[in-house]
Each structure stands twice: as C-alpha cells, then as structure tokens.
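# What the coordinates show
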Amino acid sequence: QVQLVESGGGLVQPGGSLRLSCAASGSILTIYNMGWYRQAPGKQRDLVAVITAGGTTNYADSVKGRFTISRDNAKNTEYLQMDSLKPEDTAVYYCYAQVRDRLLRKNDYWGQGTQVTVSS
C-alpha cells in the first residue's frame, strides 16, 4: 500500500503565495513522475505541473512563471510553490505519483486533495 498525504492549502489574497506539500509513504521501491492537478467547481481535473524523477518539469500555460514544482527524492515528497496567485487559481489541488512498489507493481496514486482559495 502507498499513501499520499497533502498539506498546505488555505485562503490567500490575490497576489499572495502558498506552498503545497505531498508526502508519499508505504511500500515504495521507486517513484517516477510526480505532479499536481487541480479541479475547480463544475470543471474537469486539469494538470498543473509535473516533475520527472530526474527533475525535468512541465507546467500548464496558465501557471508558467508563477508556480514551481519540486521534489525531495530522499523524503519521497513533492512541493508546489504558488506565487502571484489569482482568483482563477481557486480549486481543489490533488497530488499524484507514479510508484513501483516492493512487489514490483506500478500504479498511479493520488492525494486526498487540498482546497486553495484565492479571494480578497
């Protein structure tokens, strides 16, 4: 079993910053891609950012230059630094990780979601 636990969401004013964290634990052999998705009310879940095991990153156009994804492989943890936040960034943010477990099975795992609200 693998679990992803998120933290760091909350309410912030436009122009402010938040940092999300996502820690993976359990029967982990290797973590491949890690990333963040978000889902606003009434909308589909969209990719925000992804980072490979080697540190290559990719971002949605809407967050380029404002969000930064990173990971600490020793801690099996990924982060999403969100700066210059806008009201349209309001959503539930979900982390995910592609994990090969100690039984050599490869699956995608998701965090429970954390609410980010950008409002004055």
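Below is a short write-up of the structure. (Residues numbered from 1 in each chain as written. Predicted model: local features only at pLDDT ≥ 70, side-chain atom pairs only at ≥ 80, totals over all residues. Heavy atoms only, no water.)

Of note, R38 is situated in strand β4 (residues 28–39). Engagement of the side chain of R38 in a polar contact is seen with the side chain of S62, the distance being 3.4 Å. Those residues in contact with R38 that lie beyond four places of it in its chain are Q44, R45, D46, V48, S62, V63, F67, E88, D89, A91, V92 and Y93. (Helix = DSSP H or I, 4+ residues; strand = E, 2+ residues; numbered from the N terminus. Polar contact = N/O pair within 3.5 Å; in protein donor to acceptor, adjacent residues only side chain to side chain. Contact = heavy atoms within 4.5 Å.)

Here the focus is the pattern of salt bridges. On inspection of all chains with the given rule, the structure shows four salt bridges. For R38, the salt bridge is made with D89, and the minimal N-O distance between the two is 2.9 Å. On the criterion of sequence distance, the pair formed by R38 in strand β4 and D89 in the loop between β8 (77–82) and β9 (91–101) is long-range, its members being 51 residues apart. Relative accessible area serves as the criterion here: at 14%, R38 is assigned to the buried category. A residue is classified by how much of its surface remains accessible, and D89, at 1% relative accessible area, is buried. One salt bridge in this structure joins D101 and R105, with 2.9 Å as the shortest N-O distance. Overall, D101 belongs to the buried group, its relative accessible area being 2%. Residue class for R105 comes out partly exposed when judged on its relative accessible area of 45%. (Salt bridge = Lys/Arg side-chain N within 4 Å of Asp/Glu carboxyl O. Buried < 20%, exposed > 50% of the residue type's maximum accessible area, 1.4 Å probe, protein only.)

Once that is clear, we can look at the sheet that holds β8. The antiparallel open sheet is built from four strands, whose spatial order is β1-β3-β8-β7. Looking at the sheet topology across the chains shown, the edges are occupied by β1 (2–7) and β7 (67–72). Across the sheet, the mean angle from the axis of one strand to that of its neighbour is 15 degrees, orientation sign disregarded. (Pairing = 2+ DSSP bridges. Axes fitted to C-alpha atoms, helices over the stretch in contact; angles between N-to-C directions.)

Space inside the largest pocket adds up to approximately 170 Å³. What lines the largest pocket is a set of 14 residues, and nearest its centre among them are R38, A40, K43, D46 and E88. Secondary-structure elements contributing two or more residues to the lining of the largest pocket are β4 and β5 (46–51). Of all the elements, β5 adds the most residues to the lining of the largest pocket, at three residues. (1 Å grid on protein atoms, 1.4 Å probe; cavity = no way out; pocket = protein on both sides within 12 Å on 5 of 7 lines; lining within 4 Å. Points joined across faces, edges and corners; volume = space filled by probe spheres on them.)

Turning next to the nonpolar core. Of all hydrophobic cores here, the largest spans 30 residues; its most connected members are L4, W36, V48, F67, L80, M82 and Y93. If you list the elements that add at least two residues to this core, you get β1, β3 (18–26), β4, β5, β7, β8, β9 and β11 (114–118). No other element matches β9, which puts five residues into this core. Ignoring any residue separated from it by four or fewer positions in sequence, one finds F67 in contact with R38, V48, Y59, L80, Q81, M82, D83, L85, D89 and Y93. (Core = buried A, V, L, I, M, F, W, Y, C linked by side-chain atoms within 4.5 Å.)

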